[in-house]
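Analysis of the macromolecular model
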Amino acid sequence: MSEIRDAVTALLGDHALRAADGGQDDGAARAAFAELTAQGWTRVGLPESLGGNGGTLADAADVAAAATYLGVATPLADQVLIANAAAGLLGIAVPEAATCVLPVVAEAGTATRVPWASWASHLLVADRAGEVALVAASDVRVTPGANLADLPSDGVTLGGSAGNATNGAGVGRGGGAAAADLITLLGALARSVQIAAALRRCQDLSVTYARQRRQFGRALADLPVIQQELAALAGEAAAAQAASRAAIGEALAADAAGHAAIGEAAGGPGNWWTASAEAAARSIAAAKVRAGLAATAGARSAHQIHGAIGITREYELHVHTRSLWAWRDEYGAERTWARRLGDTVRASPDGLWASIVPAPGNDIVSSH
Amino acid sequence: MSDQLVLRAQVRRFLAKARADGAFIPRCDAWMNGFDAAFSRSLAERGWIGMTWPREYGGAGRSEGERLVVVEELLAAGAPVAAHWFADRQIGPGLLRHGTPTQRARYLPLIAAGQCFFAVGMSEPDSGSDLASIRTAARPTSGGWVVNGTKVWTSHAHRAQHMLALVRTSPLDQRRRHEGMSQLLIDLSAPGVGVRPIMTLDGQQHFNEVVLTDVEVDADALLGAEGAGWQQVTAELANERSGPERYLSNLPLLAALARRADVPEAEVGELVAELQTLRALSAAVADALGRGESPTVTAALVKDLGSRFERKVVDTARRLAPVPLDAGSPDEYTRLLTEAVLHSPDATLRGGTNEILRGIVGRELTRT
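Note that this is a predicted model, so its numbers are computed, not measured.

Residue and element names in this part refer to chain A. Taken together, three strands build an open sheet; the order of strands is E2-E6-E5 and the sheet is antiparallel. The open sheet has two edge strands with one neighbour each: strand E2 (110-115) and strand E5 (140-143). This sheet shows a mean twist of 25 degrees between the axes of neighbouring strands, independent of strand direction. Where E2 lies against strand E6 (residues 153-158), four bridges are found, and the strand directions are antiparallel. What sits directly across from Val114, in E6, is Asp154.

It is worth spelling out the domain arrangement of chain B at this point. All names here are of chain B. Per the domain assignment, the segments making up chain B are domain 1 (2-14 + 23-116), domain 2 (120-227) and domain 3 (242-366). Placing the centre of domain 1 and that of domain 3 at their C-alpha centroids yields a distance of 22 Å. Every contact between the two is made by 13 residues of domain 1 and, on the other side, 15 residues of domain 3. When residues in the side of domain 1 that touches domain 3 are grouped by element, the largest group, six residues, is from helix H4 (residues 64-76). By residue class, the composition of the side of domain 1 that touches domain 3 is seven nonpolar, one polar and five charged.

What follows concerns unusual backbone geometry. At Asp150 of chain A, a position not held by glycine, the phi torsion is positive, near 65 degrees. By secondary structure assignment, the location of Asp150 of chain A is in the loop between E5 and E6. The class of Asp150 of chain A is partly exposed, set by 16 C-beta atoms lying within 10 Å. Phi at Asp29 of chain B takes a positive value of approximately 65 degrees, unusual for a residue other than glycine. You can see Asp29 of chain B is positioned in the loop between helix H1 (2-20) and helix H2 (30-33). For Asp29 of chain B, a count of 26 C-beta atoms within 10 Å corresponds to the buried category.

Quick notes on the rules
- Residues numbered from 1 in each chain as written.
- Chains lettered and ligands numbered in written order.
- Predicted model: local features only at pLDDT ≥ 70, side-chain atom pairs only at ≥ 80, totals over all residues.
- Pairing = 2+ DSSP bridges.
- Helix = DSSP H or I, 4+ residues; strand = E, 2+ residues; numbered from the N terminus.
- Axes fitted to C-alpha atoms, helices over the stretch in contact; angles between N-to-C directions.
- Domains from an automatic or database assignment.
- Contact = placed C-beta atoms within 7 Å.
- Nonpolar A, V, L, I, M, F, W, Y, C, P; charged D, E, K, R; others polar.
- Buried ≥ 20, exposed ≤ 12 C-beta atoms within 10 Å, placed from the backbone.

See the structure below:
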């Protein structure tokens, strides 16, 4: 894990310095992404059989977290944690020419606020009303936009659905709606991982600042009120981290179970979304809710510790806190996922605890 | 994994039957307030007390993970486990770590049989959060020690047979405040031991004041090394602070809240997300402890986050489904909410106040 983090950190070191200057310099970010691509990091989490570099979802999360921590604005997390993971689970091969693959959840041919779409060479499009397909970016119309953190958040209009697919083989099963659900779940997971990483960065920045800044004749770090606030921030960062790690763990387990089931039933890809994945879905929902709460509280603490310097454009903190505020909303805000979790609890005949912690004898007994 | 699922199902079935038979009524905070010697013995008969201890000492030789399963189920059910709680959680492990073979043989089999209950004597009238300021002193004699002093907030001392007390065996040296303390195993029926009730604000009694006047104990009452009391106690605290009782004390209330049709799914879901995260965080601490690490910071964070979550459960219940509070109400939700409100200050006090714990975290983070 730390091997991956160290490698990505070493690669992005120089670019991170530029991010730390407070700018989201598009040229620098594109140069960073080109290097990540050249060294194969953008293909982590996609099976070799589908054109990837292998590695698990956990590896992809480590790659994404390392880049996010540094504040380098690239679509790396979206590619490895959402597009690669979805392509792998759906059995979609990614050709050599697809240098930047990003996910789109569309509704009857259009989508709004698609993160990073303007960077894509190819889009993995799941249309709720249609099919799922990998399409070349040249075949769709992209209207550039930005989110709260000045990260690309674009409109996408498809040319003509499946006809434009460069690779739709074996994809039709389950249809676009199931694939859209899958991408939304993976998107929530990706944002949870990124929120945890950004909070870790906020915590480290806050600790450094509290040690350096002197007031009342001593370092801020020596003031009990500041220690309390740092501890609160550390708690939120730890919660976001634990929640996203737990979700990764459940997703890996479901992935393994799903693939085993696929092998046995020879049903081909597309069956991933089965009962064995229900625990993963719950865990991802919980991660996005908890990470969203942590983003709010953690950003607040980090700003409170920093004082006025923290709300300037010149100091690095805003790169991370504006991202936190954007990411907590993307792929479903807390309320959306909380409702889904609550529905699950309500649907369980054995009550809240049994729905969270299943055991044989409940009807949720599964393939464990 | 499947062993643990089977065990969970066994415990769940046992608890459902016990509840149906009227053996207990679910309560909030039952690990603190629910003292029921007969119920503890019924758990002992099933091997669920001291279950990780070696068989030669009456244990069941099972894993920490299996113990966690049992403890979680007992807490989630609101079962009365206070009688054996402290002996099972910290006295037994302390005896296994620091006790002599004689001490282990004397106490462990009786604890595991549910026949020997322990109180923990730490706080004193002038020593709350500042535990190193304790004054209860043990003076060496030819055959052992003579103990004088007063312990307070000693849960269930009026019903337990023994107390593990932290005492000074050397006078306080202000420059080395953490030295000179030792742990003594004290028989609460010994001459010179006076136990006086301290009623809590709900009119119940679990707290006591234990006055020790020239209490003579044998040399082999010393647990571990003379002068190592502080290290022994603080090592226990990581276990104590990160356990599931820090976030499951109000689970019966949360479960009852979730059953109410007037409570929106999203509100239930948000609490469930926090609960799942706390389980993951607590498991991470348990793993670290299992690897022989000392995750002081994370353990303190679990306690801080967990106890604040418990407060949020109570606040959410009142906000969404207020009822006239009545401890004697036949309505389960009303009764549980009443208990939880009356106990609500306790969660953020016991095991070290949250402010003190945050101070520990803050200082640890900024230590240069």
